[in-house]
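As a plain string of letters, each chain reads:
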Amino acid sequence: MSVKHGLLALLERGPAYGYQLRAAFEESTGATWPLNIGQVYTTLTRLERDHLVRALPENQQGQRPYAISDAGRAALAVWFSTPVAGTDRPRDELAIKLALALTTPGVDISGVVQAQRMATIRALQEYTRMKNQSDNADTAWLLILESMIFRAEAEVRWLDHCEASLVREARNPVSPPAQATAPAAETGIDAHESSRS
Amino acid sequence: MHALRDASLEVEPGELVAIMGPSGSGKSTLLNLAGGLDLATSGDVLVEGTRLNSLSRKQLARLRRRAIGYVFQDFNLIPSLTAVENVALPLELDGSSVRAARQAATRCLVDLGISGLADRFPETMSGGQQQRVAIARAVVGDRRLILADEPTGALDSQTGEAVLKLLRGRCDAGAAGLLVTHDARHAGWADRVVFLRDGAIVDASSPLPAAESLLGAR
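The shown structure was predicted, so the numbers you read here are calculated from the model rather than taken from an experiment.

Procedures and definitions
Residues numbered from 1 in each chain as written. Chains lettered and ligands numbered in written order. Predicted model: local features only at pLDDT ≥ 70, side-chain atom pairs only at ≥ 80, totals over all residues. Helix = DSSP H or I, 4+ residues; strand = E, 2+ residues; numbered from the N terminus. Buried ≥ 20, exposed ≤ 12 C-beta atoms within 10 Å, placed from the backbone. Rg over C-alpha atoms; globule rule 2.2 N^0.38 Å. Contact = placed C-beta atoms within 7 Å. Pairing = 2+ DSSP bridges. Axes fitted to C-alpha atoms, helices over the stretch in contact; angles between N-to-C directions. Parallel < 35°, antiparallel > 145°, perpendicular 65-115°, else oblique. Left-handed = near helix turned anticlockwise from the far one by under 90°. Nonpolar A, V, L, I, M, F, W, Y, C, P; charged D, E, K, R; others polar. Core = buried A, V, L, I, M, F, W, Y, C linked by C-beta atoms within 7 Å.

Peer 1: Would you mind going over the overall build of chain A with me for this structure?
Peer 2: Of regular secondary structure, chain A possesses eight helices and two strands. Counting every position in chain A, which comprises 197 residues, the buried fraction comes to 24%.

Following this line, the structure appears as structure tokens:
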């Protein structure tokens with residue numbers, strides 16, 4: 001996601017100046033995405049250059065509010081209606097790390113899997129605690145927390161699957177040598193089974 | 001062949017500990033030992049200071065009835081009894097009068113926010129409702145150790161979550177909880193997560209950090 005579309009979405013509620021936008025952004029993302037004020041101003045400048053917002057006259061305190069333009073509304077509508085593509089970078093790094101651990105001599109891959117699993121479970125505990133504390137107060141925040149919970153859960157399931165594949169591989173070395181397959185590239189046929197074990 | 005070896009675990013009042021691990025890693029064995037359903041061939045199990053191995057069969061049965069509550073995947077409610085009768089049953093078996101047991105069971109259902117189910121029979125309740133009644137049965141009479149073996153296994157994720165929340169609430173109110181689960185999402189409710197493999201504890205998540213530290217890291 002870009003800060004650009006985030007700001008357009010906030011301006012759709014009504015004109016606002018930089019500090020207000022930053023506060024509203026952090027509020028609506030539950031502070032999961034801290035934004036510095038410099039980023040807000042650079043983004044506003046670019047949005048103005050592209051005619052997606054326009055600057056209004058400064059108020060008495062010297063703050064300059066911005067308003068969304070029709071072109072900005074159109075861009076926002078396109079953003080909302082377009083599925084998010086691309087990959088989640090930290091997860092990719094993990095897949096690459098595991099693939100490399102498998103093919104690098106002397107690396108204890110089950111140790112790598114286990115360390116990652118415990119770290120992810122710890123994060124899951126933390127998200128759950130935050131969710132339990134927020135208690136339905138703030139739907140937008142709960143939505144974000146749930147997304148993090150689902151992601152962490154998926155990662156643990158995937159790690160379980162990797163581990164099960166590695167164990168099977170170790171027991172039945174008749175299959176092609178370990179170097180040939182990266183766990184991330186395997187199919188998820190038995191993911192369910194291994195996660196229930 | 002030992003199902004568990006060198007496994008040392010302490011659960012404090014107010015704490016919920018989740019046990020994870022592949023099948024055959026000894027999760028259920030650990031739970032059964034903690035609850036006195038099995039006795040360890042070596043080593044000690046203490047429940048509130050009482051060494052289980054030192055008890056006679058009768059004493060052990062009594063301690064199990066009074067101090068320990070069990071929650072299983074398949075609820076195990078008695079079909080011919082209403083919810084409140086199911087919850088009162090362990091107290092009656094332990095020698096309480098029917099009246100006193102019934103009162104305690106009713107209080108317990110109120111505490112757990114499910115008093116509306118009191119007069120329902122198991123077959124008229126959903127899985128989630130039955131499991132909540134089963135939790136009431138596990139904690140009635142102020143039992144302070146709750147052992148749950150895949151309590152959400154038969155429930156959909158929303159209902160499972162509600163059941164976990166109830167369990168979490170009992171621990172926050174001072175019970176000690178031990179939860180066996182294969183589901184990371186449910187282990188997330190625990191204060192500590194212990195990971196077993198081949199009968200040994202290979203890892204345990206430390207007590208939780210402050211809430212802010214994680215957000216800062218993102």
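Back to the text.
Peer 1: I would appreciate a short explanation of the overall build of chain B in the present structure.
Peer 2: Counting secondary structure elements, chain B contains eight helices and eight strands. For 218 residues, the compact-globule estimate of 2.2 N^0.38 gives 17 Å, and the C-alpha radius of gyration of chain B, at 18 Å, lies within 12% of that figure. Along the three orthogonal principal directions, the C-alpha set of chain B runs to about 50 × 50 × 30 Å. At a minimum sequence separation of 6, the contacts of chain B that also span at least 24 residues come to 69%.

Peer 1: Mind showing me how you'd approach the sheet that holds strand 5 (residues 145-149) of chain B here?
Peer 2: Two pairing modes exist for strands in a sheet, parallel and antiparallel, and in both the strands are linked by backbone hydrogen bonds. Residue and element names in this part refer to chain B. Read from one edge of the open sheet, six strands run 4-5-6-1-7-8, paired in mixed fashion. A single partner strand is all that each edge strand has here, and the edge strands are strand 4 (68-71) and strand 8 (200-204). Recorded for the sheet is a direction-independent mean angle of 20° between the axes of neighbouring strands. Across four bridges, the pairing between strand 4 and strand 5 is parallel. Within the sheet, the bridge partner assigned to Gly 69 lies in strand 5 and is Ile 146. On the sheet, helix 5 (residues 127-139) packs against strand 4 and strand 5 and is oriented at approximately 165° with respect to strand 4.

Peer 1: Explanation requested: the environment of B:Lys58 in the structure shown.
Peer 2: Its location among the elements puts B:Lys58 in helix 2 (residues 57-67). Separated by 21 residues in the primary sequence, B:Lys58 and B:Leu37 place their C-alpha atoms 13 Å from one another.

Peer 1: Just to check I follow, could you spell out the packing of helix 6 (residues 109-134) of chain A against helix 7 (residues 139-171) of chain A for this structure?
Peer 2: When two helices pack together, their arrangement is captured by the angle between the axes and the distance separating the axes. Residues and elements named next belong to chain A. It is at 9 Å that the axes of helix 6 and helix 7 come closest, and there the two elements cross at 160°. Considering their axes alone, helix 6 and helix 7 lie roughly antiparallel with respect to each other. Where helix 6 crosses over helix 7, the handedness of that crossing is left-handed. Taken together, the residues of the contact of helix 6 with helix 7 sort by class into 17 nonpolar, five polar and five charged.

Peer 1: Explanation requested: the nonpolar core in the structure shown.
Peer 2: Of all hydrophobic cores here, the largest spans 77 residues; its most connected members are B:Ile19, B:Val87 and B:Leu167. Ignoring any residue separated from it by four or fewer positions in sequence, one finds B:Val87 in contact with B:Ala105, B:Cys108, B:Leu109, B:Val133, B:Ala136, B:Arg137 and B:Val140. In this structure, A:Ala16, A:Val40, A:Leu47 and A:Leu52 belong to the second largest nonpolar core, which totals 15 residues.

Peer 1: So what exactly am I meant to see when it comes to the packing of helix 1 (residues 3-11) of chain A against helix 2 (residues 18-28) of chain A here?
Peer 2: Residue and element names in this part refer to chain A. One can describe the packing of helix 1 onto helix 2 by two numbers: an axis separation of 10 Å at closest approach and a directional angle of 105°. Classified by the angle their axes make, helix 1 and helix 2 are roughly perpendicular. Taken together, the residues of helix 2 that come into contact with helix 1 (itself represented by Gly 6, Leu 7 and Leu 10) are Leu 21, Ala 24 and Phe 25. Of the residues belonging to the contact of helix 1 with helix 2, the class tally is five nonpolar, one polar and no charged.

Peer 1: Teacher, can you tell me more about the pairing of strand 7 (residues 192-197) of chain B here?
Peer 2: The side chains of a regular strand alternate between both faces of the sheet. Residue and element names in this part refer to chain B. In terms of burial, strand 7 is a largely internal element, five of the six residues being buried. With four bridges joining them, strand 1 (residues 16-20) and strand 7 adopt parallel strand pairing. Across the sheet, residue Val 17 finds its bridge partner in strand 7, namely Arg 192. Alignment of strand 7 against strand 8, held across four bridges, turns out to be antiparallel. By the bridge assignment for strand 8, Arg 197 is matched with Ala 200.

Peer 1: Just checking my understanding: could you explain unusual backbone geometry for this structure?
Peer 2: Across the chain, the bulk of peptide bonds are trans and the bulk of non-glycine residues have phi less than zero. Residues and elements named next belong to chain B. The backbone of Phe 75 shows a phi angle near 60°, a positive value even though the residue is not glycine. Assessed through the 22 C-beta atoms surrounding it within 10 Å, Phe 75 is described here as buried. Positioned with a positive phi, Glu 150 is a non-glycine residue whose angle comes to about 45°. Turning to its location among the elements, Glu 150 is positioned in the loop between strand 5 and helix 6 (157-172). The buried category is assigned to Glu 150, around which 20 C-beta atoms lie within 10 Å.

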